[in-house]
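What the coordinates show
One letter stands for each residue in the lines below.
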Amino acid sequence: MPALTTSSDGFLLHGEPFRIISGALHYFRVHPDQWTDRLRKARLMGLNTVETYLPWNLHEPAPGTLVLDGLLDLPRFLRLAQAEGLHVLLRPGPYICAEWDDGGLPAWLISDPDIRLRTSDPRFTDAFDRYLDQLLPPLLPHLATNGGPVIAVQVENEYGAYGDDTAYLKHVEQALRSRGVDELLFTCDQANAEHLTTGSLPGLLATSTFGSRVEESLAVLRTHQPEGPLMCAEFWIGWFDHWGGPHHTRSAADAAADLDRLLSAGASVNIYMFHGGTNFGFTNGANHKHAYEPTVTSYDYDAPLTESGDPGPKYHAFREVIARHAAVPDEPAPAPGRKLPPTAVRLEHRAPLLPFLRTLEAAARTEDPVTMDELGVQSGYVLYRTTLPASGDGLLHFAGGVGDRAQVFVDGASVGVLERERHDETLPVRVPAPGAVLEVLVENQGGVNYGPRIGAPKGLLGPVSFQGAALRGWECRPVPLGDLGAVPFVPSDAATDAVPAFHRGTFEVATPADTFLALPGWTKGQAWVNGFHLGRYWNRGPQHTLYVPGPVLRPGANELVLLELHATTGTRAQLTDTADLGPEND
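Below is a summary of the structure that appears in this document. What you see is a predicted model; the values in this text were computed from it and never measured.

Comments concerning the overall build of the chain
A tally of regular secondary structure across the chain gives 12 helices and 34 strands. Here the C-alpha radius of gyration of the chain, 25 Å, is about what a compact globule of 586 residues would show, namely 25 Å. Here the C-alpha coordinates of the chain stretch approximately 80 × 55 × 45 Å along the principal axes. The buried share of the chain, taken over its 586 residues, is 59%. Sequence separation of at least 24 residues holds for 79% of the intrachain contacts in the chain that already meet a minimum separation of 6. Accessible area of the chain: about 21,400 Å², with a carbon and sulfur share of 52%. Positive and negative charge centroids in the chain, built from 45 and 70 side chains respectively, lie 3 Å apart.

Here we look at the packing of helix α5 (residues 122–139) against helix α6 (residues 166–177)
Relative to each other, α5 and α6 sit at 20 degrees, their axes nearing to 10 Å. Judged on the interaxial angle alone, α6 and α5 are roughly parallel. Judged by the sense of rotation from one axis to the other, the crossing of α5 with α6 is right-handed. Contacts from F124, T125, F128, D129, L132 and L136 of α5 reach α6 at Y168, H171, V172, A175 and L176. When grouped by side-chain class, the residues that make up the contact of α5 with α6 number 8 nonpolar, 2 polar and 1 charged.

A short note on the pairing of strand β6 (residues 87–91)
Here β6 lies mainly inside the structure; 4 of its 5 residues are buried. Both β6 and strand β7 (residues 150–154) contribute to a ladder of 3 bridges, which runs parallel. The residue bridging V88 from the neighbouring strand is V150, located in β7.

Thoughts on helix α1 (residues 35–45)
Residues of α1 that are buried: W35, R38, L39, K41, A42, L44 and M45. Residues of α1 that are buried make contact with β4 (21–25), β5 (49–53), α3 (74–83), β11 (268–275), α10 (313–325) and β32 (545–548). Phi turns positive, to about 110 degrees, at G46, one or two residues after α1.

Considerations on α3
Taken together, the buried positions of α3 are occupied by L74, P75, F77, L78 and A81. Around the axis of α3, the buried residues are gathered within 160 degrees of arc, so they sit on the same side. Buried-residue contacts for α3 involve β4, α1, β5, β6, α5 and β7. Among the residues trailing α3, G85 stands out with phi positive, at a value near 85 degrees.

Focus: the side chain of N270
With respect to the secondary-structure elements, N270 resides in strand β11. Residue class for N270 comes out buried when judged on its relative accessible area of 0%. Only 2.7 Å separates the side chain of N270 from the side chain of S22, close enough to count as a polar contact. In this structure the side chain of N270 is engaged in a polar contact, spanning 2.8 Å, whose partner is the side chain of E51.

Describing the pairing of β4
Of all 5 residues that make up β4, 5 are buried, and the element is covered over most of its length. On β4, burial covers both faces: I21, G23 and L25 on one face and S22 and A24 on the other are all buried. Summarising the sheet, β4 and β11 pair through 4 bridges and their orientation is parallel. Along β11, the bridge assignment pairs L25 with H275. Pairing between β4 and β5: 3 bridges, direction parallel. Pairing of S22 across the sheet is with T49, part of β5. Once the chain exits β4 it traverses α1 before rejoining the sheet at β5, and the crossover so formed is right-handed.

Conventions used here
Residues numbered from 1 in each chain as written. Predicted model: local features only at pLDDT ≥ 70, side-chain atom pairs only at ≥ 80, totals over all residues. Heavy atoms only, no water. Helix = DSSP H or I, 4+ residues; strand = E, 2+ residues; numbered from the N terminus. Rg over C-alpha atoms; globule rule 2.2 N^0.38 Å. Buried < 20%, exposed > 50% of the residue type's maximum accessible area, 1.4 Å probe, protein only. Contact = heavy atoms within 4.5 Å. Areas by Shrake-Rupley, 256 points an atom, 1.4 Å probe, with all protein chains shown as cover. Lys, Arg positive; Asp, Glu negative; His and termini not counted. Charge placed at Lys NZ, Arg CZ, Asp CG, Glu CD. Axes fitted to C-alpha atoms, helices over the stretch in contact; angles between N-to-C directions. Parallel < 35°, antiparallel > 145°, perpendicular 65-115°, else oblique. Left-handed = near helix turned anticlockwise from the far one by under 90°. Nonpolar A, V, L, I, M, F, W, Y, C, P; charged D, E, K, R; others polar. Pairing = 2+ DSSP bridges. Arc of directions from axis to C-beta. Polar contact = N/O pair within 3.5 Å; in protein donor to acceptor, adjacent residues only side chain to side chain. Right-handed = clockwise from strand over helix to strand, strands pointing away.

The structure is reproduced here in structure tokens:
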């Protein structure tokens, strides 16, 4: 029998009345050495439960593999949650949205152009079944029925906003049940009658997602489900940001008032997010409704606990609200954590990117350029190279456009940029002589995480022509960024730089602590500290600093590496004690 059951109007845990007061905390967005700190702060705010998605694309990066270590050591995260006295809600998908690359669906799966995602298509369900065959055995000991903290597991995610394949939902339910998941199962959909109808299953608890209009949203859920607990499985108290857009915030007073309304109605809640964390590396997702909009590196979400783990205004406001409805630990609220003193970093070594890539052997040779999917490249960059048979002025035409952003070079000189978000397909260029070398550096800026465009291809999306003549004979070369040890850095004292290049510098740390990397004078690229991939920076904003977790640093010498794609007007970076996520959204 599951540990968590339902009554006519609430939950029972081991037979006793129980209200879920939960907060979202994604283990894969937080440095593992900080999990204990974040979980303790969840308990101190008054939460009795934490919720997390599971990113399929990271746990199974290639078919038949399973990664459960480092950022992905979910069994350890579950042990730490239990040690803190917290219950856990698991949301394994297969689809998670989460503003995460491709909504958590593996690139090797969605690269099949004919697969019908999130349906009964056996190519999809069989792959998910094989994933569960690997994933669940190490997780089953952590179910509450086996003495662990996991009290409920979600079936799919907001499916009513996507499809109406009830047989598929039943398959996901049975895939979990037949592999030993005997805890309470639930579905989660927006507070919309149609979504709740197509996204839920008889016999499973239906929950809703919303951030306001509490009474109206709960009434919609109650109409759909006349008996059982009322639960907001995602109570949106902030929002995420896109590059080039505003930084979204919500006042603590407004969010706390709606939380009080939820709890006063007797409902259970999962605050989304309690602690947002960071889209480290190449993990951010994107939206694509009218235009392609990639999500920034920070997933701060204006949450109660900031990206660096400090209590913000919502933390204290929510703690006061929760105390009116449930017991809150009789311990002081946590104080902000120590930050590294401001530190300047001089980047005194550089290595131009394009000459380095030309020395590498691993290139596919094709008549027409192929997509990143066809090259087996799941993230990052690909350099495409060919020659231009004619000289003079003319239009470069990229049939199908680019996915997602392309920098174009002729004989090593930059001639322009194409962007998916602007629907760019042509670029006027001047070719100095027949046989000039055309190079196109294409960046995957994040897979779409919501709607029908999940799995949209990346790279060059069709043939390329100049002055109407197709360009043939391409080299398609992935940019290797997993190990930067082979990058041929040399000393440089140049005050400015205008070509894509790696830059490296060192800085001293007495006692490691959290810090934020500011890059005034730099344009766009990637950053690593001691080999840890912090993620993407872009002077387009709104985010102007990258969070550097304290555990990434070490006493003594530390290394900063930047891959700058455009230009820099200096050789310095700055470690600061304050995050700059941009101007607030009005």
